[in-house]
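Residue-level structural notes
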Amino acid sequence: MILYELIDYQTLRLIWWVLLGVLLIAFAATDGFDLGVGTLLPFVAKTDAERRVAINTIGATWEGNQVWLILAGGAIFAAWPPLYAVSFSGFYLAMFAILFALILRPVGFKYRSKRDSANWRNGWDWALFVGGFVPSLIFGVAVGNVLQGVPFRFADDMRIFYEGSFFALLNPYALLCGLLSVAMLIMHGSAWLVLKATGPVADRARRFGSIAALVVIVLFALGGLWLWAGVSGYRITSDISPVGPSNPLLKTVSQEGGAWLANYGTYPWMIVAPILGFLGAAAAFIAMQARREVVTLLFSKLSILGIISTVGLSMFPFILPSSLDPKSSLTVWDASSSHQTLFIMLVVTVIFLPIIIAYTAWVYKVLWGKVDEKSVTDKNSHAY
């Protein structure tokens, strides 16, 4: 028997669908609080020392956290080539805006304290705000557009045609999802500041985080109701083989109102995901009010897990539906790499992913502890 046949094609496709979700959730749960802190920076910290405290809560770990985004992009490229081709070409300007904003973060960390000028530092602080707010918003907007369907199609020779525009992405439902994403990451960034910062920074973060947690609950509920009542979902209307070739054009698909909620009737256990989204945010709010630092962050992560999982489970088996030509929609069963490629990648992942997790855990253990004004103003420290 050939080695890669130890795991059948259908199972490998499911494993890589789950792994893609794990990588996206890991990015949101780690680099998400970095983005949240950046978004909160001008509001939770009023003096230069306070802003340095906020910055240094994430300054030592943000690079490692961003690795999850790189891993997710690599997984899409290798495991789901059509998804990579459509999303990275169709969302090109949106991706460029995200990358530009993310580049501002390390530059801001490096240069904000190079000159003893209030205007200079204030300018870089707002650049760090852009570096947190813009990706948070656009990631959510992208999810909102995916749920509605993306205007692309495949020709008979599998060439991709994308007929959308950047400003078309900014539709009402997508903007709602973008605001939910911003609120979710502000909640998460606040939870991190409550855990890592001291004094006025932590106190203000607690107030902002409490408000953000309530906003998450409201926007998540509105998004679900809108998805049920006003967004046409997608349903496969022909036979499709879980071990068939990666050719989206071999199936037929229809758009139906409320179709994204059908999975919850077929697989009732999936309701756990949205429940976790709501309960995590509610518990984070209560924990913030009770000044429980560690569990606040854990509940915030639980809410992120629930919200992102809700999107993936609602859409399954679709991973990128097409509003222009529904049969061109990409699914778990017809948009993956070959059986052998998925197996080889899985072996590599099994070897290296635990190493990455172990190293990340060790880094957080070494760098654990509060950041205060004394530690960032000490001339012998390496603080930003």
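In this report, the structure presented in the accompanying data block is examined. (Residues numbered from 1 in each chain as written. Predicted model: local features only at pLDDT ≥ 70, side-chain atom pairs only at ≥ 80, totals over all residues. Heavy atoms only, no water.)

1. A few points about the environment of Tyr92
Short version of the rule: Strands here are runs of E lasting at least two residues and helices are runs of H or I lasting at least four, both read from the DSSP assignment and numbered beginning at the N terminus.
Position of Tyr92 among the secondary structure elements: in helix α5 (residues 92-111). Taking the C-alpha atoms as reference points, Tyr92 and Trp226, 134 residues apart in sequence, are found 27 Å from one another.

2. Some thoughts on the nonpolar core
Applied cut-off: Take the buried Ala, Val, Leu, Ile, Met, Phe, Trp, Tyr and Cys residues and link them wherever side-chain atoms come within 4.5 Å; each set so joined is a nonpolar core. Each residue's exposure class comes from its accessible area (1.4 Å probe, protein chains only) as a fraction of the maximum for that residue type: buried when under 20%, exposed when over 50%, partly exposed otherwise. Whether two residues are in contact is decided by their heavy atoms: any pair within 4.5 Å suffices.
Core analysis: the biggest nonpolar cluster contains 104 residues, and Trp16, Trp80, Met187, Leu193 and Leu330 have the highest contact counts within it. Those residues in contact with Leu330 that lie beyond four places of it in its chain are Pro82, Leu83, Val86, Phe152, Phe154, Pro248, Pro317, Phe318, Ile319, Leu320 and Ala335.

3. Some thoughts on empty space enclosed by the protein
Unfilled space is identified by rolling a water-sized probe across the atoms. This is how it is decided: Buriedness of a pocket was judged along seven lines, with at least five required to meet protein on both sides within 12 Å; pockets are open sets of points on a 1 Å grid over the protein atoms alone, cavities are sets where a 1.4 Å probe fits but cannot get out, and lining residues have an atom within 4 Å of a point. Grid points are joined across faces, edges and corners, and a volume is the space filled by probe spheres set on the points.
In total, this model carries one cavity of 30 Å³ or more according to the counting rule given. The calculated volume of the largest cavity comes to roughly 80 Å³. Residue assignment for the lining of the largest cavity shows that the elements contributing at least two residues are α1 (9-44), α2 (48-58), α5 and α6 (118-148). Top element by residues in the lining of the largest cavity is α1. It accounts for five residues.

4. A short note on α5
The following threshold applies: A helix is expected to span 1.5 Å for every residue after the first.
With 20 residues, α5 ought to run about 28 Å at 1.5 Å a step, and its terminal C-alpha atoms sit 28 Å apart, in line with that. The set of residues buried in α5 consists of Ala94, Ile98, Ala101, Leu102, Leu104, Arg105, Gly108 and Phe109. Against α1, α2, α3 (62-79) and α6 lie the buried residues of α5.

5. Thoughts on the packing of α1 against helix α7 (residues 172-196)
Our working definition: Only the stretch in contact is used when fitting a helix axis, every axis being a line fitted to C-alpha atoms; angles between N-to-C directions are given from 0 to 180 degrees. For classification purposes, angles smaller than 35 degrees are called roughly parallel, those larger than 145 roughly antiparallel, those between 65 and 115 roughly perpendicular, and all remaining angles oblique. The nonpolar class holds Ala, Val, Leu, Ile, Met, Phe, Trp, Tyr, Cys and Pro. Asp, Glu, Lys and Arg form the charged class, and all remaining residues, Gly among them, are polar.
Interhelical geometry of α1 versus α7 gives an angle of 85° and a closest axis separation of 7 Å. Classified by the interaxial angle, the pair formed by α1 and α7 is roughly perpendicular. Along its contact with α1, which presents Ala28, Ala29, Gly32, Phe33, Leu35, Gly36, Val37, Thr39, Leu40 and Val44, the element α7 presents Leu185, Ile186, His188, Gly189, Ser190, Trp192 and Leu193. When the residues that make up the contact of α1 with α7 are grouped by side-chain class, the tally is eleven nonpolar, six polar and no charged.

6. Some remarks on the packing of aromatic side chains
Convention followed: Any two of the Phe, Tyr and Trp rings considered here, Trp counted by its six-membered ring, make a pair once their centres fall within 6.5 Å; the pair's planes then place it as stacked at under 30 degrees, edge-to-face at over 60, or tilted in between. Sitting over a ring, as applied to charges here, requires NZ of Lys or CZ of Arg to be within 6 Å of the ring centre and within 35 degrees of the ring normal.
Considering all chains together, one arrives at 23 aromatic pairs under this definition. Aromatic pair Tyr84 and Phe88: ring centres 4.3 Å apart, planes at 20°, arrangement stacked. In this pair, Tyr84 and Phe88 are both assigned in helix α4 (residues 81-90), four residues apart and thus about one turn of the helix distant. Take Tyr84: its relative accessible area is 28%, and that puts it in the partly exposed class. Pairwise contacts between aromatic rings join Phe43, Trp126, Phe129, Phe133 and Phe208 into one cluster. The side chain of Arg13 reaches across the aromatic face of Tyr9, ending 3.9 Å from its centre. Cation over ring: Arg153 sits above Phe161, and NZ or CZ is 4.5 Å from the ring centre.

7. A word on unusual backbone geometry
Along the chain, Phe316 connects to Pro317 via a cis peptide bond; the corresponding omega equals 10°. Locating Pro317 in the fold gives a position in the loop between α11 (293-315) and β5 (318-320). The phi dihedral of Met158 is positive, around 70°, even though this residue is not glycine. Its identity is not glycine, yet Arg291 carries a phi of approximately 60°, on the positive side. Within the fold, Arg291 resides in the loop between α10 (272-289) and α11. Among the residues examined, Arg291 registers a relative accessible area of 53% and is labelled exposed.

8. Quick notes on the side chain of Arg112
Heads up, the condition is: N or O atoms closer than or at 3.5 Å make up a polar contact, with two conditions inside protein: a donor-capable atom paired with an acceptor-capable one, and, for residues adjacent in sequence, both atoms drawn from side chains.
The topology assignment puts Arg112 in the loop between α5 and α6. For Arg112, a relative accessible area of 1% translates into the label buried. Of the polar contacts made by the side chain of Arg112, one reaches the side chain of Asp48; its length is 3.0 Å. Looking at Arg112, its side chain comes within polar contact range of the side chain of Asp125, at 2.7 Å. If we skip the residues at most four places from it in the chain, Arg112 touches Asp48, Arg51, Arg52, Ile55, Trp120, Arg121, Trp124 and Asp125.

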